[in-house]
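A look at the structure
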Amino acid sequence: MKRLVIGILAHVDAGKTTLSEAFLYQSGALRNLGRVDKGNTFLDTDTREKARGITIFSKPAVLELPNVSLTLLDTPGHVDFSAEMERALQVLDYAILVISGVDGVQPHTETLWNLLQRYHVPTMLFVNKMDLPGLGREAVLENLHKRLSPACVDVSEDIAEASRSEAFALCDEILMEQYLESGTVCDESIADAVRRRGVFPCWFGSALRLQGITAILDGLDRYTQQPAASGEFAAKVYKISQDENGQRLTWIKLTGGSLKTKAMLHAQANAAVQWSEKADQLRLYSGAKFTPVQEAFAGQVIAVTGLSKTYAGQGLGHQGDSISPSLEPVLTYRVDLPAGTDVHAALTKLQKLSEEDPQLHVIWDDYLEEIHIQLMGEVQLEILESMIADRFGLAVHFSQGGILYKETITAPMEGIGHYEPLRHYAEVHLLLEPGKPGSGLVFASTCREDALDKNWQRLILTHLAEKQHRGVLIGAPLTDVKITLLAGRAHDKHTEGGDFRQATYRAVRQGLRSTESQLLEPWYQFRLELPTENVGRAMSDIQRMSGTFDPPQTLGDTALLTGSAPVSEMRQYQQEVTGYTRGRGRLSCTVSGYQPCHNADAVIAAVGYDPDRDLYDPADSVFCAHGAGFTVKWDEVRDYMHIDTGWGKRAPEIVPENLPVRRASSYSGTLAEDKELLAIFERTYGPIKRDPRKAFHKKPEPVTTTAKPDPIPQGPEYLLVDGYNVVHAWPELAEMAAENLDGARRRLMDILCNYCGYRHCEVILVFDAYKVKNNPGSVESYHNIHVVYTKEAETADMYIEKVTHEIGRKHRVRVVTSDGVEQLIILGQGGLRVSSRMFKEEVDAAEKAIRAYLEQ
C-alpha cells in the first residue's frame, strides 16, 4: 500500500474541517459524522477550538483506502495561525486546497497557493459548499484559472472520460503527446503530472452533504504516487508540543528507513549544538488518541517522547533541515505580569511556547527591561492569553500593542569595530549591503585565512547569527541586509573569544550609523466585499490609509475591492466596515510582506529612540594607548583603525563580464575609418598640402586678443541616432528587419530607452521618411527618448546635420552613424562621431552593467 501524508488547507470558513470529517466518515474511520457548529468534530478537540469554531492546532488522522494509507493533517485556516499551517507544509506528500464555492478564491487562498508552490507540494482542489447559492461551477472554475493556475482541471464524476483526458492534455506537453498518440491519457501519466505540479485536479461538491466525497477519495487513489524513500533512516521535525501530562512531544514524518523504540537519535554533524538522545516512545496519533508502536516506517507521522533538543524544521538522520519560513509576525505587545511574579522565571516559561511555535517570538528587551511578544494577530493574542493561564497559572495581560516595524539599509557601507581595553584585542571589518526584500539577514565571508585564522572567522559569523540586530532609527529588528566579513585581526597573546563578540557587534552598529537606513512596516493584501452604494466611502478610506486598490468589480448590488494597505492603518478597519455597511460588508486581510513605512518620520518621532544613549548596542570602539583603554566615537573610528581594507576609497564600478579591452591594437579599425574619411574629404574639397619644413619652424608667439573664447558646452549630452543606419548595421536588427521592419524599429527604440536611463543623456532617434508622399514629419516621445520621422524630401542625414548645427554650440553632441560622408560633416559641425559598430559595444556594456546591478 502507498503511505501518504496529505494536508488539507483553506481560507477560514471554507469547510476544511468539515471535509476532513467527511473523509473519515466515508472511509469508515468514524461511525458518526461530526459538525463544527456542534463542537463534536473528530479533529477539533481543544476547548478553545470548540468555543470559536476554528482550527488552531494541526492534528493528524489516519484512514485506510483500498490501495493507500492516508495520514490527514487538518491545518488552521485563520490567518493568525498561518505559521502552524506553514510548518505542516514541510512534511506533506500532497495537499488538498479547499475553495468556498460561495466566495471563490480569497486573498488567503492565494497566500496558501504561493506557499504550496514554494514548498513544491503537489496540489488538488475541492470546491466546497456547491449546495449553496454562489458563483456557479463555471464561474468558480474560471476564477481558479485566472487567480491560481490555468492547469486546474475539473475531474468531477459527471465529466466524461474523453473530455477529462482532453482537458489534461491541454495543460501539459507530456500528456498532450500521449493524447495525440492514443487518444486518451492514462492514470499513471496524470499522477506523474500531478506529482510535478503540471496539472491540478479539481472536484466540486459539498462536504457537509457528502457530495463529491467518494469521487475525491477515488482520485486520491488514482492520481497519487508513493514518494521515493531510501533505506537509511531520515525524518523531519515539523512540530513541538506537549501532551495533557506535560510531556514534550516531537512530531516527525519519516522520509526514509524506519525508527524503532529506544533508538538513539543525534544532531546533524554540522549542527551548532551536538546532542544524542533516546526515542523513549513512538506514538501513532489519530485525533486526540494514540497507539504506541514499536517501529515506524517511511511515510508515517509519529510523535516521539524523550527528545529535549529538537526544534521545528530540523532534519534527522539523512534528512536536511527545512528552509526558513516565509510568514513572520507583524504585531508586538508588552507582557504585563501579575504583581510579585519572578520575571525571569516567567520568561523561561513563556519561551517554552516559542519552542512549540517558532514564529511566536518571546523577547526580553534589555533596553526597557520588559518582556515583549511578537505574533500574527489579535485572535492569536486572545488564544495565547488563555493558554498561559491554563498551562502556567499566570494571569498575564498584554498592553501597548503596536506594529512590528523593521529596519533595513539603502546603501552599502563598511562597518568597523575595534575592542582593545588593556590585555584584550580584536578588530572586525564588515560590509553591510542591502538585500532582497524578504531575504532577512544573510552572512558571508570573503576574508583570507592568511589574514585571519578560520576559527576566528567562524566565531565572528557565529556572533553575527546569535543576536537579533537592531536598527538605528527606532531600534527595530534589522532585516534584508547581507553582512560580509571583509577583514579582521587578532593578537597572538591577548585575544579572547569575547573580544570578537564585542568587536563584531560594534562593527555592525558603526556600519548602520554610517549609512542610510529605511523604516519598514507590514502591509496587508485585502479583499473587501460591500454594497455598491458604499464603494465611494471605501475607496476614500483606503486612499486615506495610504493604500492602493484595483478598479472595483461589481456583481449585482455587491462590489468587490482588492488591494493593499499598511497594517497600522487597516488593522481596526473591519469595525468601521461593519458600521457604515450596516453589517453587510466583509473584509479579509492577509499579510503580504514588508514595504517602506508610509509615515516613517511620524513613527521615528513618536518612538524617540536615541542610538547614542543605547548602552546595550554601542557603535563606538575601544582603543588602547599608554596602558589604558579609551573610547573613540563611531564617526572617528576610521582615523584610528588598524586595518585598511581599501573599501570606500573610490566609488565601486560595475565592470561587465567579457567587456572587450580597448588596447592600442584594437584601434586599427578606427584609424582605417579615419583614412577613408580623409580620402573622401580630399575627393570632395581637393588634396591637403602640407609643408614638411614647417615642422622645424619656431612656433609663433600667441597673439593677445580681447575676443571671448567659444563657450564650453554645458547641460546634458545629446545623442542623435541614424535609425535605419543602425538597424542595418546591427546583425540581429538587420535579421529582424528582413521579416518585420516595424518590429526592428520598436526593438531599437526599447534598447535606446534602457541606454538613455543608464547614461542619463538626451536621445533623439531619427528615421528616414523622405519618400513618403505629403509627409509633414513628426516628433514623438517614446518613454524617455524622442523619435523623429523626417518630412517629405528630408533625409535623416539632413535632419541630423541641422540639429547638430543648432545645439552643438551649447551642448555636447554625439552622432551615431556609419555613413562616412555624414561622419565628416558632423565633425565640421562640432559634433562627435560614433560608428554603429562602436555604439553597439557601448550598448552591450550598458545592458550588462544594468543586469549586474539588478542581480546585486
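Keep in mind the model is a prediction, meaning the values are calculated, not measured. (Residues numbered from 1 in each chain as written. Predicted model: local features only at pLDDT ≥ 70, side-chain atom pairs only at ≥ 80, totals over all residues. Heavy atoms only, no water.)

Moving on, we come to the overall build of the protein. Along the backbone of the protein there are 24 helices and 39 strands. Looking at the protein residue by residue over its 856 residues, the buried ones come to 48%. Counting only carbon and sulfur atoms, one obtains 50% of the accessible surface of the protein, whose full area is about 42,700 Å². (Helix = DSSP H or I, 4+ residues; strand = E, 2+ residues; numbered from the N terminus. Buried < 20%, exposed > 50% of the residue type's maximum accessible area, 1.4 Å probe, protein only. Areas by Shrake-Rupley, 256 points an atom, 1.4 Å probe, with all protein chains shown as cover.)

A few words on the pairing of strand β32 (residues 621-625). Both β32 and strand β33 (residues 628-632) contribute to a ladder of 5 bridges, which runs antiparallel. Paired with Phe623 across the bridge in β33 is Phe630. Linking β32 to β33, which pair antiparallel, is a turn of 2 residues; within it His626 sits at a positive phi near 55 degrees. (Pairing = 2+ DSSP bridges.)

The full count for this structure, using the stated rule, is 46 salt bridges. With a shortest N-O distance of 4.0 Å, Asp221 and Lys2 are connected by a salt bridge. Highlighted residues: Asp221 in helix α9 (residues 213-222) and Lys2 in strand β1 (residues 2-10), separated in sequence by 219 residues. Judged by relative accessible area, which is 15%, Lys2 ranks as buried. Here Glu842 makes a salt bridge to Arg814, at a shortest N to O gap of 3.1 Å. With a gap of 28 residues between them, Glu842 in helix α24 (residues 836-854) and Arg814 in strand β38 (residues 813-816) connect regions that are remote in the sequence. The class of Arg814 is buried, set by a relative accessible area of 7%. A network of salt bridges, in which partner residues are shared, links Glu161, Arg164, Asp187, Asp218 and Arg222. (Salt bridge = Lys/Arg side-chain N within 4 Å of Asp/Glu carboxyl O.)

Peptide bonds are, in most cases, trans, and in most cases residues other than glycine have a negative phi. Phi is positive for Lys129, which is not a glycine, with a value near 60 degrees. Summarising the element assignment, Lys129 is placed in the loop between β5 (123-128) and α5 (137-147). For Arg582, which is not glycine, the phi dihedral falls at a positive 55 degrees.

On to the confidence of the model for the protein. Detail in the predicted coordinates should be disregarded across regions flagged by low pLDDT. On average, residues of the protein score 84 in pLDDT, and 89% of them are at 70 or above. Of all secondary-structure elements in the protein, the lowest mean pLDDT belongs to helix α18 (residues 668-685), at 55, while strand β22 (residues 406-409) reaches the highest, 96. The model gives residues 692-700 a pLDDT under 50, and that stretch makes 0 contacts with residues more than four places away or in other chains. (pLDDT = per-residue confidence, 0-100. Contact = heavy atoms within 4.5 Å.)

The subject of this paragraph is the packing of helix α14 (residues 535-544) against helix α16 (residues 573-580). Running from amino to carboxyl end, α14 crosses α16 at an angle of 160 degrees, the nearest separation of the two axes being 12 Å. In terms of orientation, α14 lies roughly antiparallel with respect to α16. Along this stretch, α14 crosses α16, giving a crossing that reads as right-handed. Residues Arg537, Ala538, Asp541 and Arg544 of α14 pack against Tyr573, Glu576 and Tyr580 of α16. A class-by-class count of the residues in the contact of α14 with α16 yields 3 nonpolar, no polar and 4 charged. (Axes fitted to C-alpha atoms, helices over the stretch in contact; angles between N-to-C directions. Parallel < 35°, antiparallel > 145°, perpendicular 65-115°, else oblique. Left-handed = near helix turned anticlockwise from the far one by under 90°. Nonpolar A, V, L, I, M, F, W, Y, C, P; charged D, E, K, R; others polar.)

Here 6 strands make up an open sheet; going across it, the order is β36-β37-β35-β34-β38-β39 and the pairing mixed. With partners counted over all chains shown, the strands left at the sheet margins are β36 (778-782) and β39 (832-834), one partner each. Looking at each pair of strands side by side, their axes are set apart by 20 degrees on average, direction ignored. Direction of pairing for strand β35 (residues 762-767) relative to strand β37 (residues 785-789): parallel, over a ladder of 4 bridges. Along β37, the bridge assignment pairs Phe767 with Tyr789. On top of the sheet, helix α22 (residues 796-807) reaches β34 (718-722), β35, β37 and β38; it is set at about 170 degrees to β34, its chief contact. Lying on the sheet, α24 is in contact with β34, β38 and β39; it crosses β39 at an angle near 80 degrees.

Let us now look at the packing of aromatic side chains. Summed over all chains, the structure comprises 14 aromatic pairs. Look at Trp251 and Tyr285: their rings are 5.0 Å apart centre to centre, the planes differ by 45 degrees, and that puts the pair in the tilted class. Of this pair, Trp251 sits in strand β9 (residues 248-256) while Tyr285 sits in strand β13 (residues 281-286), and the two are 34 residues apart along the sequence. Residue classification places Trp251 among the buried residues on the basis of a relative accessible area of 6%. Judged by its relative accessible area of 7%, Tyr285 is buried. (Phe/Tyr/Trp six-rings, centres within 6.5 Å; stacked < 30°, edge-to-face > 60°.)

All right, on to the environment of Leu132 then. Along the chain, Leu132 turns up in the loop between β5 and α5. Each C-alpha atom, one on Leu132 and one on Val102, is 7.0 Å from the other, the two residues being 30 residues apart in sequence.

This brings us to the sheet that holds strand β17 (residues 315-317). Here 6 strands make up an open sheet; going across it, the order is β14-β13-β16-β9-β8-β17 and the pairing antiparallel. Looking at which strands have only one partner, the edges of the open sheet turn out to be β14 (289-293) and β17. Averaged over all pairs of adjacent strands, the angle between their axes in this sheet comes to 40 degrees, without regard to strand direction. Judged from the 5 bridges that link them, β9 and strand β16 (residues 301-305) form a sheet pairing that is antiparallel. Paired with Thr250 across the strands is Val304, a residue of β16.

In a soluble, globular protein the nonpolar side chains are often hidden away together inside. Residues Ile388, Phe398, Phe526, Leu528, Met570 and Tyr573 are the most contacted members of the largest nonpolar core, which totals 55 residues. Per-element tally for this core: the top contributor is helix α11 (residues 378-392), with 7 residues. Met570 has contacts with Tyr524, Phe526, Met545, Ala565, Leu587 and Cys589, leaving out every residue within four places of it along the chain. Membership of the second largest hydrophobic core comes to 39 residues, among which are Leu4, Ala10, Ala61 and Ala193. (Core = buried A, V, L, I, M, F, W, Y, C linked by side-chain atoms within 4.5 Å.)

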